[in-house]
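Analysis of the macromolecular model
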Amino acid sequence: MTQKKILMLVGDYVEDYEVMVPYQCLLMLGYGVDAVCPDKKTGEIVRTAIHDFEGDQTYSEKRGHNFALNKTFSEVNTKDYVGLVIPGGRAPEYIRLNPRVLEIVREFHDAKKPIAAICHGPLVLVTAGVLQNAHCSAYPACSPDVTGAGGTYVDLPMDKAHVDGLLVTGPAWPAHPDWMAKFVALLGAKISI
């Protein structure tokens, strides 16, 4: 039996929890996960940032870990994957400037494969043009981007996620349990405790 594979789009200063936790969770469930970054190769790293909620008007940001990439970006073929994960942090602001990143997102969308995006990750969906008429959660500061792209922003508690068809979105890393559970359900996984 061939292992089902997930593609994860990351970049420098991806949010630490939003890359590490889904990556490890999906591996634990038996999926192969290829983490890629534009212009980087297998074995290179991206730096992460830790975003925390400490009572300020927005999140605070601290230096996180080094996260190792296990696939060369230029070798990605979306036909090899059953789903796409786009973590948040600072990375979505600039990886969405890469035309191939946008093509990848559109290829997953057009092939009707599940896409999970969290926090600032939906900025990549906005730029790829796949949110027209979609209901999407994101970090609240991204809500104008979602509505400007023709989507409907879904305001959720920070620990909840939203499903619209094959799109699973959440506002921030506290939503991981709900976000990942909803994503893997779309992938066909059955989890019972």
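Residues numbered from 1 in each chain as written. Predicted model: local features only at pLDDT ≥ 70, side-chain atom pairs only at ≥ 80, totals over all residues. Heavy atoms only, no water.

**Description of the sheet that holds strand S7 (residues 115-118)**
Note the following rule: At least two bridges found by DSSP between two strands is the condition for calling them paired. What counts as a helix is a DSSP run of H or I of at least four residues, what counts as a strand is a run of E of at least two, and both are numbered from the N terminus. As a rule, the C-alpha atoms of each element are fitted with a line to give its axis, helices using only the stretch in contact, and angles between N-to-C directions run from 0 to 180 degrees. Residues count as neighbours in contact if any of their non-hydrogen atoms are within 4.5 Å of one another.
The strand order S3-S1-S6-S7-S11-S10 describes an open sheet built from 6 strands, whose pairing is mixed. Every other strand in the sheet has two partners, leaving strand S3 (32-36) and strand S10 (162-164) as the edge strands with one partner each. Shown here is a sheet whose adjacent strand axes are inclined to one another by a mean of 20 degrees, direction ignored. Note: strand S1 (residues 5-9) against strand S6 (residues 83-86), 3 bridges, orientation parallel. From the neighbouring strand, Met-8 faces S6, where its bridge partner is Val-85. Strands in contact with helix H1 (residues 16-28) are S1, S3, S6 and S7; relative to S1, the strand with the most contacts, it is inclined by about 175 degrees. Sitting on the sheet, helix H6 (residues 176-186) is in contact with S1, S6, S7, S10 and strand S11 (167-170), with an inclination near 175 degrees to S11.

**A few points about the pattern of salt bridges**
The test is simple: We count a salt bridge whenever a side-chain nitrogen from Lys or Arg sits within 4 Å of a carboxyl oxygen from Asp or Glu. For the exposure calls, accessible area comes from a 1.4 Å probe over protein chains only, and a residue counts as buried if that area is under 20% of its type's maximum, exposed if over 50%, partly exposed in between.
Overall, the coordinates contain 8 salt bridges when judged by the stated rule. Asp-34 serves as the salt-bridge partner of Lys-5, at 3.2 Å between the closest nitrogen and oxygen. Placement of the pair is Lys-5 in strand S1 and Asp-34 in strand S3, with a sequence separation of 29 residues. A salt bridge links Glu-93 to Arg-90; the shortest N-O distance between them is 3.2 Å. The exposure class assigned to Arg-90 is partly exposed, which follows from its relative accessible area of 34%. One network of salt bridges, in which partners are shared, links Glu-61, Arg-90 and Glu-93.

**What to know about the packing of aromatic side chains**
To be explicit about the condition: Note on aromatic pairs: the rings of Phe, Tyr and Trp (six-membered ring only in Trp) are paired at centre separations within 6.5 Å, and the planes decide the class, stacked below 30 degrees, edge-to-face beyond 60, tilted for the rest.
Throughout the structure, instances matching the rule amount to 2 aromatic pairs. Relative to Trp-173, the ring of Tyr-17 lies with its centre 4.7 Å away and its plane at 85 degrees, an arrangement referred to as edge-to-face. Here the residue Tyr-17 occupies a position in helix H1, and Trp-173 occupies one in the loop between S11 and H6, the gap between them amounting to 156 residues. For Trp-173, a relative accessible area of 21% corresponds to the partly exposed category.

Note that every value here comes from positions in space, so none of it alone points to a role or purpose.
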